[in-house]
Amino acid sequence: MHKIQDYHFHYFPQYHEEYKEVCPLVDGIMVIHDAQKRMQGFLKGLEEFRSVIPIGIELSINTNFSKINNMITSLKEQGYHVIASVHTYKDHSHFLDVLNTIQPLLNNIHHIGHPFHKEKTVLPDNIIEDFLTFCKKNSVIVELNERYSRSYNIQFYQRIKEELMFVYSTDAHCAKDIGVYKKLSKYNLL
Ligand SMILES: [Zn+2]
Ligand SMILES: [Zn+2]
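Participant: Explain the environment of Ser 66 here, please?
Facilitator: The residue Ser 66 is located in helix H3 (residues 65–77) in this model. For the pair Ser 66 and Leu 105, spaced 39 residues apart in sequence, the C-alpha separation works out to 9.9 Å.

Participant: In this structure, what is going on with unusual backbone geometry? I would like to understand it.
Facilitator: Apart from glycine, the bulk of residues carry a negative phi angle, and the bulk of peptide bonds sit in the trans form. The phi dihedral of Ser 139 falls on the positive side, at around 50°, and the residue is not glycine. Residue placement: Ser 139 occurs in the loop between helix H5 (125–137) and strand E6 (142–145). Residue Ser 139 is classed as exposed on the basis of its 10 C-beta neighbours within 10 Å. Unusually for a residue other than glycine, Asp 171 sits at a positive phi of about 60°.

Participant: Looking at this structure, I do not really get the environment of Ile 127. What am I missing?
Facilitator: Looking at the element boundaries, Ile 127 is found in helix H5. Taking C-alpha positions, Ile 127 is 6.8 Å from His 92, a pair spaced 35 residues apart along the chain.

Participant: Teacher, can you tell me more about helix H6 (residues 154–163) here?
Facilitator: Residues separated by three or four positions in an α-helix point in the same direction, a consequence of the helix having 3.6 residues per turn. When we look at burial in H6, the residues that qualify are Phe 156, Tyr 157 and Ile 160. One side of H6 carries all its buried residues, which in axial view fall inside an arc of 95°. Residues of H6 that are buried sit in contact with H5, E6 and strand E7 (166–169).

Participant: In this structure, what is going on with the nonpolar core? I would like to understand it.
Facilitator: Across soluble globular proteins, you tend to see nonpolar side chains buried next to one another. Grouped together as the largest cluster of nonpolar side chains are 44 residues, with contacts concentrated most on Met 30, Val 31, Leu 59, Val 82 and Ala 84. Ranked by residue count, the leading element in this core is strand E2 (residues 26–33), at five residues. Excluding residues that lie within four positions of it along the chain, Val 31 makes contacts with His 8, His 10, Tyr 11, Gly 56, Ile 57, Glu 58 and Ile 83.

Participant: Where do I start with the pairing of E6 in this structure?
Facilitator: Remark: a regular strand shows side chains that alternate across the two faces of the sheet. Side chains Val 142 and Leu 144 project from E6 onto one buried face, and the interleaved Glu 143 and Asn 145 project onto a second face that is buried too. As paired strands, E6 and E7 are joined by four bridges and run parallel to one another. Note that in E7 the partner of Asn 145 across the bridge is Ser 169. Taking the sense of rotation as the criterion, the β-α-β connection linking E6, H6 and E7 turns out right-handed.

Participant: What is the right way to read the pairing of strand E4 (residues 81–85) from this model?
Facilitator: Of all five residues that make up E4, five are buried, and the element is covered over most of its length. The alternating pattern of E4 places His 81, Ile 83 and Ser 85 on one face and Val 82 and Ala 84 on the opposite face, and all of these are buried. Here strand E3 (residues 55–60) runs beside E4; their pairing, made up of five bridges, is parallel. Bridge assignment links Glu 58 to a residue of E4, and that residue is Ile 83. Taken together, E3, H3 and E4 form a β-α-β motif whose crossover is right-handed. One ladder, built from two bridges, connects E4 with strand E5 (residues 111–112); its direction is parallel. Residue pairing in the sheet places Ala 84 in a bridge with Ile 112 of E5. You can see the chain leave E4, run along helix H4 (residues 92–101) and come back into E5, and the turn it takes is right-handed.

Each value, and the rule that gives it
Residues numbered from 1 in each chain as written. Chains lettered and ligands numbered in written order. Predicted model: local features only at pLDDT ≥ 70, side-chain atom pairs only at ≥ 80, totals over all residues. Helix = DSSP H or I, 4+ residues; strand = E, 2+ residues; numbered from the N terminus. Buried ≥ 20, exposed ≤ 12 C-beta atoms within 10 Å, placed from the backbone. Arc of directions from axis to C-beta. Contact = placed C-beta atoms within 7 Å. Core = buried A, V, L, I, M, F, W, Y, C linked by C-beta atoms within 7 Å. Pairing = 2+ DSSP bridges. Right-handed = clockwise from strand over helix to strand, strands pointing away.

Below you can see the structure in the form of structure tokens.
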């Protein structure tokens, strides 16, 4: 059977029963945010799917090397895939700084989540080139994210698709959106 690819969609306890239907059909990773590990029902519910689908943590990465190192090591030991996302960044250069600072740790993650997701306009060419070069040099997998697909990042996503190792993700926050790629399809990125 051909499974739908979705390497980053979120587990929420209120959709627990619906995930039971969908997850067996998915080639991908079901995640919770690092910050949700201590929230009622999140980690316990996610763990119930361990034998059904690979499970993981979406980890917010920053320039604190030792802290990120400890977190990735610990999560891997517990059998979680790590999706590393730069959730807060000041500007383009800062986004690249985060990646460069923790570069040796990226061997231990599954992939980088929604690159430059905060952008409101097209990325500068030099930033795109630096990002692509970094990912190629370090053999990093990058996701093409449905949630953050925008008309102005089509070219950037196209470059990722053509030049990098990549996975598709919806970043879905409810069960019915898993594996649904309306925007990526509209932009001819599937
Ligand atoms: Zn995220
Ligand atoms: Zn996410």
